[in-house]
Amino acid sequence: MQEYSLQDVAKHSSPKDGWIIVDASVYDVSKFYDLHPGGSGVLNPYLGGKKDATEDFFGLHRSSVLKKYARLKIGTIKGKKPQYALPEVGTLSVVPGGEPAWLTQDYKSPYFDDSHRRLQKEVRKFFDEHVRDEAQRHEPLGKRPSNALAELMGQDGINLNAMRMGPGKHLYGRKLPGGVKPEEFTYFHELVVAQELTRIGAPGYMGGLQSGMVIGAPPLLNDAFTTEEVRRKVLPEILDGKKFIALAISEAFVGSDVRGMRTWAKKRPDGSYVVNGQKKWITGGMYADYFMTGVRTSETGLTMMLIPNSDSVDLKPIKTAYSAAAGTALVTFEDAIVPAEYVMGKENEGLKVILANFIHERWVICCRMARYSRLIYEECMKWVSLRKAFGKPLSDQPVIREKLGAMLANVDAGQAYLEHLTYQMCNMTYAQQAKNLAGPMAALKWFLSRSATKIADDAVQMFGGRGITVGGMGVLIEQFNRTFKFDSILGGSEEVLLDLSARQALKKMPKAAL
């Protein structure tokens with residue numbers, strides 16, 4: 001790359017022959033002058049290097065803009081070094097607190113080892129190279145994640161779809177990134193994958209990117225709920241990204257109270273079932289080939305069934321604060337036929353299947369909430385270090401530092417709580433998890449949800465108008481403020497879960513302690 005002096009740059013100061021300086025680099029904006037989104041006149045003060053554009057540029061743009069227009073860069077300024085560390089693909093954040101402590105050089109963890117670090121490095125590189133750009137394009141357009149990406153994530157050697165389903169036999173025989181062996185894969189490895197995906201910061205798109213699989217396919221992995229024949233028939237195409245599944249529990253009259261569902265399945269003489277009813281707010285429903293569905297099979301009994309998409313299943317998109325990329329759907333079953341072998345578990349014992357699935361579902365939501373909040377903290381740290389108000393960086397204001405301190409305290413506390421419960425999951429059977437972790441997991445989800453409420457509010461206050469503007473510098477802040485309540489509702493609302501936490505604790509309260 002050629003080096004230029006300030007005198008060289010000064011010779012190019014007209015709109016038709018204009019150079020500007022941004023962070024010790026020289027950009028030829030001659031052909032870009034009339035195309036600048038903010039208007040051509042915005043560039044005038046900087047043409048020919050009359051004013052170094054660095055500070056003003058980073059006060060208005062994300063660093064990704066420099067990468068987007070890298071073709072305009074023609075050289076560097078002699079004797080000057082860049083001041084701003086631009087993020088490289090696959091690298092760790094340099095922002096203090098921008099990564100969970102276990103990923104930083106100065107901290108130790110009893111939970112993570114070299115296999116987790118190798119996996120994290122490979123997974124981050126994949127998401128940065130193959131997912132981030134598509135996510136940022138599709139999120140505002142409401143466009144579904146591409147089938148090609150879903151299949152790429154299912155390829156052997158990548159196997160991100162399979163890893164998002166947690167540890168188990170479904171990983172055996174598959175080659176995992178970072179040299180991780182299927183038999184050593186634990187919930188901590190899954191946590192790494194879930195949190196790295198969250199970093200792309202496109203919540204609706206993430207909802208459409210096989211989230212339905214994560215919460216809908218677990219019953220297919222459980223020997224107590226399905227047969228090997230059904231598993232071999234359905235699961236491989238889902239894990240390979242060629243077929244899609246959604247969890248269908250919620251109804252217009254049923255949210256956290258799953259016992260109140262009104263979708264009915266009637267048994268036919270040949271042992272199959274005919275299903276009628278509606279499911280609402282089904283994430284990924286618009287893309288699903290299968291629906292893992294809760295139905296009523298008696299006045300008091302619920303059953304979980306795998307219902308294939310067919311002409312008897314009607315799908316309508318539901319508009320929400322999420323991006324339509326999530327594929328949120330109203331699903332109507334009209335005499336949908338379900339083969340007997342597609343019953344998960346036993347008839348009228350579906351509540352066992354639903355409750356067994358809740359621990360993992362809520363844990364995945366907690367993984368996402370903890371990492372998304374950290375991403376927002378990182379964005380705020382960057383912003384207050386760049387933005388000036390009243391002649392000083394925002395970070396010089398004590399009220400701003402108080403907000404940042406509170407953010408980091410909540411983010412680190414939530415991550416530590418999450419890692420503690422993850423360790424318990426790694427050392428408990430499903431039955432033990434249901435007995436011991438339902439309440440603590442509910443409490444963790446409440447804590448992360450309440451923390452996110454404060455973080456969203458403070459982040460918008462720090463970003464000001466940019467925090468409520470779609471796109472631009474505050475794109476992640478606006479998205480977070482608009483969508484963080486989804487995780488407060490999905491998997492059980494705050495109030496219901498906190499009550500569950502208290503009830504489970506009270507159930508174990510010994511009389512001798514009174």
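Further up the page is the structure itself.
Peer 1: Got a minute to help me understand the overall build of the chain in this structure?
Peer 2: Helix and strand counts for the chain come out as 17 helices and 15 strands. Look at the contacts in the chain between residues 6 or more apart in sequence, and 73% of them connect residues 24 or more apart. Only carbon and sulfur atoms are counted for the fraction: they give 55% of the accessible area of the chain, which is about 23800 Å². Taken together, the 67 basic and 57 acidic charged side chains of the chain have centroids lying 2 Å from each other.

Peer 1: For this particular structure, what's the right way to read the packing of helix H13 (residues 398-426) against helix H15 (residues 438-463)?
Peer 2: Geometrically, a packed helix pair is captured by the angle between its two axes and the distance between the axes. Between H13 and H15, the least distance of the axes is 10 Å, while the angle of their chain directions is 160°. By the angle between their axes, H13 is roughly antiparallel relative to H15. Between H13 and H15 lies a crossing whose hand is left-handed. Across the interface between the two elements, Ile400, Lys403, Leu404, Met407, Asn410, Val411, Ala413, Gly414, Tyr417, Leu418, Leu421 and Met425 from H13 touch Pro440, Met441, Ala443, Leu444, Phe447, Leu448, Ser451, Ile455, Asp458, Ala459 and Met462 from H15. Classifying every residue of the contact of H13 with H15 by side-chain character gives 18 nonpolar, 3 polar and 2 charged.

Peer 1: Would you mind showing me how to read the packing of aromatic side chains here?
Peer 2: Remark: the centre distance and the inter-plane angle together describe each pair of aromatic rings, the angle taken between the planes. Under the definition given, this model contains 15 aromatic pairs. Arranged with centres 4.8 Å apart and planes meeting at 50°, the rings of Phe32 and Tyr69 form a pair that is tilted. Here Phe32 is found in the loop between strand E4 (25-28) and helix H2 (54-60), whereas its partner Tyr69 is found in the loop between helix H3 (64-68) and strand E5 (73-77), with 37 residues between them in sequence. For the pair formed by Phe32 and Tyr69, the shared burial category is buried. Summarising the aromatic geometry, the rings of Trp102 and Phe112 are spaced 4.0 Å apart at their centres and angled 10° between planes, so their arrangement reads as stacked. Linking Trp102 in the loop between E5 and helix H4 (114-141) with Phe112 in the loop between E5 and H4, this pair joins segments that are 10 residues apart in sequence. For the pair formed by Trp102 and Phe112, the shared burial category is buried.

Peer 1: Looking at this structure, I do not really get the sheet that holds strand E3 (residues 17-22). What am I missing?
Peer 2: Within the open sheet, the 5 strands sit side by side as E1-E5-E4-E3-E2. Their pairing is mixed. Every interior strand has two partners, whereas the edge strands, strand E1 (2-4) and strand E2 (13-14), have only one. Alignment of E2 against E3, held across 2 bridges, turns out to be antiparallel. Bridging from a neighbouring strand, Ser13 pairs with Gly18 of E3.

Peer 1: In this structure, what is going on with helix H11 (residues 228-239)? I would like to understand it.
Peer 2: Because an α-helix packs 3.6 residues into every turn, residues spaced three or four apart end up facing the same way. Taking 1.5 Å of rise per residue, the 12 residues of H11 would be expected to cover 16 Å, and the 16 Å separating its terminal C-alpha atoms lies within 8% of that figure. Among the residues of H11, those classed as buried are Val230, Arg231, Val234, Leu235, Ile238 and Leu239. All buried residues of H11 lie within an arc of 120° about the axis, which places them on one face of the element. Within H11, the exposed residues directed more than 90 degrees away from the buried face are Glu229, Arg232 and Lys233. In this structure, the buried residues of H11 make contact with helix H6 (160-163), helix H9 (211-216), helix H10 (218-221), strand E6 (245-248), strand E9 (290-296) and strand E10 (302-308). Following H11 by one or two positions, Gly241 adopts a phi angle in the positive range, close to 80°.

Peer 1: Hey, could you run me through the pattern of salt bridges in this one?
Peer 2: A side chain of one charge can pair with a side chain of the opposite charge if their charged atoms are brought near each other. Inspection of the entire model under this criterion finds 29 salt bridges. Between Asp128 and Arg199 there is a salt bridge, with the nearest N and O atoms lying 3.7 Å from each other. Highlighted residues: Asp128 in helix H4 and Arg199 in the loop between helix H7 (187-198) and helix H8 (203-208), separated in sequence by 71 residues. With a shortest N-O distance of 2.8 Å, Asp499 and Arg503 are connected by a salt bridge. Placement of both Asp499 and Arg503 in helix H17 (residues 494-507) is noted, with a separation of 4 residues, approximately one turn of the helix. Arg503 sits in the partly exposed class, given a relative accessible area of 46%. Overlapping salt bridges, with partners in common, bring together Glu99, Arg124, Asp128, Arg132, Glu196, Arg199 and Arg371 in one network.

Peer 1: Would you mind going over the environment of Leu141 with me for this structure?
Peer 2: Relative to the assigned elements, Leu141 resides in helix H4. Spatially, the C-alpha atom of Leu141 lies 7.8 Å from that of Ala324, the residues being 183 residues apart in sequence.

Peer 1: Which parts of the structure should I look at to understand the pairing of E9?
Peer 2: Counting buried residues along E9, 7 of its 7 residues qualify, which places the element largely inside the surrounding structure. The alternating pattern of E9 places Tyr290, Met292, Gly294 and Arg296 on one face and Phe291, Thr293 and Val295 on the opposite face, and all of these are buried. Where E6 and E9 come together, 4 bridges link them in parallel fashion. Residue pairing across strands places Leu247 opposite Met292, the latter belonging to E9.

Peer 1: It is not clear to me how helix H16 (residues 475-489) should be interpreted in this structure. Could you clarify?
Peer 2: With 15 residues, H16 should cover 21 Å at 1.5 Å per step; its first-to-last C-alpha distance of 23 Å lies within 8% of that length. The largest bend along H16 measures about 40° and falls at Asn481. Counting buried positions along H16 gives 11 out of 15 residues, so the element sits mostly inside the fold. Here H16 has its buried residues at Val475, Leu476, Ile477, Glu478, Gln479, Phe480, Thr483, Phe484, Phe486, Asp487 and Ser488.

Reading guide: rules and limits
Residues numbered from 1 in each chain as written. Predicted model: local features only at pLDDT ≥ 70, side-chain atom pairs only at ≥ 80, totals over all residues. Heavy atoms only, no water. Helix = DSSP H or I, 4+ residues; strand = E, 2+ residues; numbered from the N terminus. Contact = heavy atoms within 4.5 Å. Areas by Shrake-Rupley, 256 points an atom, 1.4 Å probe, with all protein chains shown as cover. Lys, Arg positive; Asp, Glu negative; His and termini not counted. Charge placed at Lys NZ, Arg CZ, Asp CG, Glu CD. Axes fitted to C-alpha atoms, helices over the stretch in contact; angles between N-to-C directions. Parallel < 35°, antiparallel > 145°, perpendicular 65-115°, else oblique. Left-handed = near helix turned anticlockwise from the far one by under 90°. Nonpolar A, V, L, I, M, F, W, Y, C, P; charged D, E, K, R; others polar. Phe/Tyr/Trp six-rings, centres within 6.5 Å; stacked < 30°, edge-to-face > 60°. Buried < 20%, exposed > 50% of the residue type's maximum accessible area, 1.4 Å probe, protein only. Pairing = 2+ DSSP bridges. Expected span 1.5 Å × (residues − 1). Arc of directions from axis to C-beta. Salt bridge = Lys/Arg side-chain N within 4 Å of Asp/Glu carboxyl O. Bend = angle between axes of the 7 residues up to and from the residue.

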